[in-house]
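Examination of the molecular architecture
This is what each chain is made of:
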Amino acid sequence: MPEGHTIHRAARDHEQDLRGQPVRISSPQGRFDAEAVAGPEGEARLLRVEACGKHLFYFFEGEQIVHVHLGLFGKFKRRRSPAPEPRPTTRMRLEGAKWTIDLVGPTACELLTDEEMGELMARLGPDPLRDDADPAAFYRYTARSRAPIGAILMDQSRIAGVGNVYRAEVLHLEGIHPDTPGSKVPAEKLQALWLLIVGLLRRGVEEKRIVTTRGLTLEKPRERVSRSESFHVYGRKECRSCGGEVVRYMLRARSVYVCEACQPRVEDGEG
DNA sequence: GCGGTATGCCTAA
DNA sequence: TAGGCCTACCGCG
């Protein structure tokens with residue numbers, strides 16, 4: 001689940017559930033220092049929640065910022081308060097009057113200073129889900145980069161929030177081979193790619209999952225659609241568009257999926 | 001019960 | 001580039 005859409009949706013949901021009220025903070029697993037945030041009473045008022053790329057920031061009163069990064073395995077569970085006993089692996093529990101949010105398996109769950117948060121944000125490229133996102137730097141870097149576009153899309157310092165599923169899918173939808181050097185992607189194609197990412201991420205936030213195929217959830221109820229049917233190439237054997245073979249290979253230790261019929265290879269030559 | 005796998009990312013070498 | 005870390009689930013026997 002955790003690409004940018006998951007994080008932005010969590011920010012929205014958790015604000016709605018917990019904002020403006022005293023929140024009881026705990027770490028059933030014990031690996032997060034809840035007391036540092038909530039003090040001996042174990043409670044702090046949540047002011048707001050912000051998402052940037054795959055990072056989440058909870059602002060509590062007293063200038064306390066809790067930074068969460070789900071990594072590959074992290075998950076939130078939302079329960080009615082009073083919630084049942086948490087799983088022992090629960091890193092952080094946020095208990096509001098109506099809702100309780102459990103966090104399990106994150107890569108990061110830590111208290112940050114304002115300055116540390118600033119440093120972290122400074123390392124991130126534009127986030128297509130944020131209103132303040134400016135793709136100019138992404139365009140500029142890509143246009144002069146020999147790195148494969150498939151790697152650039154996964155580089156959070158170039159564009160923040162795209163993960164392995166969106167990468168495979170947007171490149172397929174734009175007919176771009178992941179190995180294409182950034183500089184070989186035409187400017188108008190690159191802009192189209194950005195706009196597509198904006199649109200699909202937004203859709204992901206609304207639907208709470210990644211869907212890159214048109215109208216899919218209107219055709220069938222969500223439970224009945226297998227994951228690979230929501231995609232064109234990601235995790236698939238045949239291309240959903242042309243039925244051709246989907247090739248899977250490793251790029252920077254991550255699987256890439258490509259239909260070479262729909263996404264012709266571009267040589268890294270002159271011009 | 002074990003091994004493999006996963007929508008991520010960091011560090012050492 | 002390889003290994004480590006985080007957790008849950010699934011297929012296999």
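Residues numbered from 1 in each chain as written. Chains lettered and ligands numbered in written order. Predicted model: local features only at pLDDT ≥ 70, side-chain atom pairs only at ≥ 80, totals over all residues. Heavy atoms only, no water.

Let us look at the domain arrangement of chain A. Along its sequence, chain A is carved into domain 1 (4–122) and domain 2 (136–259). Relative to domain 2, the C-alpha centre of domain 1 lies at a distance of 29 Å. At the junction of the two partners, domain 1 supplies 8 residues and domain 2 supplies 13 residues. Summing both sides of the interface, domain 1 and domain 2 together bury roughly 830 Å²; the carbon and sulfur share of this comes to 57%. On inspection of domain 1 and its partner domain 2, the count reaches 2 salt bridges. (Domains from an automatic or database assignment. Contact = heavy atoms within 4.5 Å. Buried area = accessible area lost by both parts, 1.4 Å probe. Salt bridge = Lys/Arg side-chain N within 4 Å of Asp/Glu carboxyl O.)

Taken together, the residues surrounding DNA strand C are Gln 29, Arg 31, Phe 73, Arg 87, Thr 89, Arg 91, Val 104 and Gly 105. Within the side chain of Gln 29, one N or O atom sits 2.5 Å away from a phosphate oxygen of DNA strand C. Here a phosphate oxygen of DNA strand C and a side-chain polar atom of Arg 87 are 3.4 Å apart. When grouped by side-chain class, the residues that make up the surface near DNA strand C number 2 nonpolar, 3 polar and 3 charged. (Near = heavy atom within 4 Å. Polar contact = N/O pair within 3.5 Å; in protein donor to acceptor, adjacent residues only side chain to side chain. Nonpolar A, V, L, I, M, F, W, Y, C, P; charged D, E, K, R; others polar.)

Turning our eyes to something else, we now look at unusual backbone geometry. A cis geometry characterises the amide bond from Ser 81 onward to Pro 82, with omega recorded as -5°. Relative to the helices and strands, Pro 82 is located in the loop between strand S5 (75–80) and strand S6 (90–95). (Helix = DSSP H or I, 4+ residues; strand = E, 2+ residues; numbered from the N terminus.)

Before going further, it helps to spend a moment on the pairing of strand S4 (residues 64–69). Most of S4 sits inside the fold, with 6 of its 6 residues counted as buried. Going residue by residue along S4, you find Gln 64, Val 66 and Val 68 tucked away on one face and Ile 65, His 67 and His 69 tucked away on the opposite face as well. Relative to S4, strand S3 (residues 55–60) is paired through 6 bridges, and the arrangement is antiparallel. The partner of Phe 60 across the bridge, within S4, is Gln 64. Taking the residues that link successive antiparallel strands as the turn, the S3-S4 hairpin has 3 residues, and the phi of Gly 62 there is positive, at about 85°. By the bridge criterion, 5 bridges tie S4 to strand S8 (residues 108–112) in an arrangement that is antiparallel. Bridge pairing in S8 links Ile 65 to Leu 112. (Buried < 20%, exposed > 50% of the residue type's maximum accessible area, 1.4 Å probe, protein only. Pairing = 2+ DSSP bridges.)

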